[in-house]
Amino acid sequence: MIVAISKLSSAIYRRIAKPLLFKLPPDIAHDRMIAAGSVVQRVGFLRGLMHWSWAYQNPEKLSQTLCGLEFQNPLGLSAGLDKNFEIAGVVSSIGFGQMEGGSITFHPCAGNPKPWFYRLPKSKSLVVNAGLANHGARRILARLGRYKQNQLGDMRINVSVAYTNDKQTCTEGEAIADYIGSLKLIKKSRKADLVTLNISCPNTYGGEPFTTPFKLGRLLAAVDDLKLDMPVFVKMPIDKTDDEFADLIAVILKHNIAGVTISNLFKDRTKVTLADKLPDSVPGNLSGKPTFDRSNQLIKLARQRAGNKLVISGVGGVFSAEDAYTKIRSGANLVQMVTALMFEGPQIVGQINRGLVKLLERDGFSNVAE
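Everything quoted here is computed from the prediction, not taken from an experiment. (Residues numbered from 1 in each chain as written. Predicted model: local features only at pLDDT ≥ 70, side-chain atom pairs only at ≥ 80, totals over all residues. Heavy atoms only, no water.)

(A) The arrangement of the overall build of the protein chain in detail. Helix and strand counts for the protein chain stand at 14 helices and 13 strands. At 19 Å, the protein chain has a C-alpha radius of gyration in line with the 21 Å of a compact globule built from 370 residues. Across its three principal axes, the protein chain shows a C-alpha extent of roughly 55 × 45 × 45 Å. Within the protein chain, buried positions represent 60% of all 370 residues. Long-range pairs, those at least 24 residues apart, make up 76% of the contacts in the protein chain with a sequence separation of at least 6. With the model as given, the accessible surface of the protein chain reaches about 15700 Å², and the carbon-plus-sulfur share is 54%. Side-chain charges of the protein chain comprise 47 positive and 32 negative groups, with the mean position of each set lying 5 Å from the other. (Helix = DSSP H or I, 4+ residues; strand = E, 2+ residues; numbered from the N terminus. Rg over C-alpha atoms; globule rule 2.2 N^0.38 Å. Buried < 20%, exposed > 50% of the residue type's maximum accessible area, 1.4 Å probe, protein only. Contact = heavy atoms within 4.5 Å. Areas by Shrake-Rupley, 256 points an atom, 1.4 Å probe, with all protein chains shown as cover. Lys, Arg positive; Asp, Glu negative; His and termini not counted. Charge placed at Lys NZ, Arg CZ, Asp CG, Glu CD.)

(B) Region of interest: helix α1 (residues 2–21). At Y13, α1 shows its largest kink, close to 45°. All buried positions along α1 are accounted for by I5, S6, S9, S10, A11 and Y13. For α1, the elements touching its buried residues are α3 (44–54), α13 (339–344) and α14 (348–362). (Bend = angle between axes of the 7 residues up to and from the residue.)

(C) Representation of the packing of aromatic side chains within the structure. Counted by the stated rule, this structure contains 6 aromatic pairs. Seen in terms of ring centroids, W116 and F117 are 6.4 Å apart; in terms of plane orientation they differ by 85°. Their pairing is edge-to-face. Per residue, the accessibility class of W116 equals that of F117, and both read buried. What links up through ring pairs into an aromatic cluster is the set F22, F319 and F343. Taking the ring centre of F22 as reference, the NZ or CZ of R119 above it sits at 4.3 Å. The ring of F292 has K289 sitting right over it, with the charged end atom 4.3 Å from the ring centre. (Phe/Tyr/Trp six-rings, centres within 6.5 Å; stacked < 30°, edge-to-face > 60°. Lys NZ or Arg CZ within 6 Å of the ring centre and 35° of its normal.)

(D) Geometry of the packing of helix α10 (residues 242–252) against helix α11 (residues 292–306). Put simply, α10 and α11 touch, their axes get as near as 10 Å, and they point 45° apart. In terms of axis orientation, α10 runs oblique to α11. When you trace α10 past α11, the crossing you get is right-handed. Two secondary-structure elements touch here, α10 through D242, F245, A246 and I249 and α11 through R294, L298, L301, A302, R305 and A306. When grouped by side-chain class, the residues that make up the contact of α10 with α11 number 7 nonpolar, no polar and 3 charged. (Axes fitted to C-alpha atoms, helices over the stretch in contact; angles between N-to-C directions. Parallel < 35°, antiparallel > 145°, perpendicular 65-115°, else oblique. Left-handed = near helix turned anticlockwise from the far one by under 90°. Nonpolar A, V, L, I, M, F, W, Y, C, P; charged D, E, K, R; others polar.)

(E) Just the sheet that holds strand β6 (residues 125–128), in detail. Read across the open sheet, the 3 strands follow the order β5-β6-β11; overall the sheet is antiparallel. Unpaired on one side and paired on the other, β5 (117–120) and β11 (285–286) mark the two borders of the sheet. In terms of strand pairing, β6 meets β11 through 2 bridges, oriented antiparallel. The partner of V128 across the bridge, within β11, is N285. (Pairing = 2+ DSSP bridges.)

(F) Structural view of the pattern of salt bridges. Tallying each qualifying case throughout the model produces 9 salt bridges. Between K61 and E361 there is a salt bridge, with its nearest N and O atoms 3.9 Å apart. Highlighted residues: K61 in helix α4 (residues 59–62) and E361 in helix α14, separated in sequence by 300 residues. You can call K61 buried: its relative accessible area is 15%. Note on E361: relative accessible area 46%, which makes it partly exposed. Put simply, R218 and E172 hold a salt bridge, and the shortest N to O gap is 3.0 Å. Note that R218 is positioned in helix α9 (residues 213–226) and E172 in helix α8 (residues 172–189), a separation of 46 residues in sequence. Among the residues examined, R218 registers a relative accessible area of 45% and is labelled partly exposed. Connected through shared salt-bridge partners, R329, R362 and D363 make up one network. (Salt bridge = Lys/Arg side-chain N within 4 Å of Asp/Glu carboxyl O.)

(G) Examining unusual backbone geometry more closely. Look at the link from K114 to P115: it is a cis peptide, with omega at 5°. Tracing the sequence through the fold places P115 in the loop between β4 (98–104) and β5. In this structure, the amide linkage connecting I262 to the following residue, S263, adopts the cis form with an omega of 10°. By secondary structure assignment, the location of S263 is in the loop between β10 (259–262) and β11. Look at C67: it is not a glycine, yet its phi comes out positive at around 55°. Of note, the phi angle at L132 is positive, near 60°, even though the residue is not glycine. As for its placement among the helices and strands, L132 is situated in the loop between β6 and α6 (137–146).

(H) Fine view of the nonpolar core. Counting 101 residues, the largest nonpolar core has F96, V159, L183 and I186 as its most contacted members. Residues in contact with I186, not counting those within four places in the same chain, are I104, L141, V159, V161, K191, A192, V195 and M230. Formed by 8 residues, the second largest nonpolar core is a distinct cluster that contains L66, L69, L194 and V311. (Core = buried A, V, L, I, M, F, W, Y, C linked by side-chain atoms within 4.5 Å.)

Keep in mind that these numbers describe shape and distance, not what the molecule does.
Dropping the structure here:
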């Protein structure tokens, strides 16, 4: 029965909800989704209905312990959708095992001038130019503290941290201080299960200063000094050569870093083939399917260089169970998605987890950790 409901939800989203949403500018559609979700998650009956209808649980096959934390399933929401942790209750209800919110910064940040998003429907991609817009670490952590346990369930909370996107934090020292300020607040709040250092947001004043080995080492040394009592991940860039990427992994292995998230938005439009016309006047960088192949290549490279010393969270172009399974077989322990939610609907989360179980059984694995 639940499978039938999930299929019906897909049909309704594809034929009714999505056409209506896609008539709206993507920025407005996003804002309304966040507003609606923040109301819906307060009603226990609605959370329960979403979970019953769309989520899929199979702890025997899908749960695993990583960095001392149990993840009920490997699928997580990537950063960028819920920048301020406003709909964490909805994210949990539809079946994600983890969510990465943010990126948050020490100071509130208005982000880049709108519009922030541009749809490429044939390419299954969004052009993103939000510029780290968020309410600031203090306000966001206070909001996280107001969630009740029954709203979040067993979902792991991953806070993505960047430096404030303004001219006052452009220098290396100011940017590191900004990261450290947020991390101190997170440590004090005890509201995160893990944190991710976003070193690769391409839509900011200072660019990506910590995607060179020397500067990354300085940032990670400062983070080491905090002695955080939670796992720390690094969100990796996608536009590096294999050698440049391997050099970053080598630096990460020298520090108290538990894992890497691979990877961020695609900047170089000349390296991807798009099925839609993308005007040069549209600023921003590519999410979704255009990132899929390169992120998988980098996952394999990271696993080759790091062995089992790092947990890998694979992100980029996950629209199906087969996509998630490809990342896992490439070397990822966890998988994240975001663009597919807009293109496929919220029921896709449970469908991917259910499909993963079938793929594991087909190939003779008893658990995703294998």
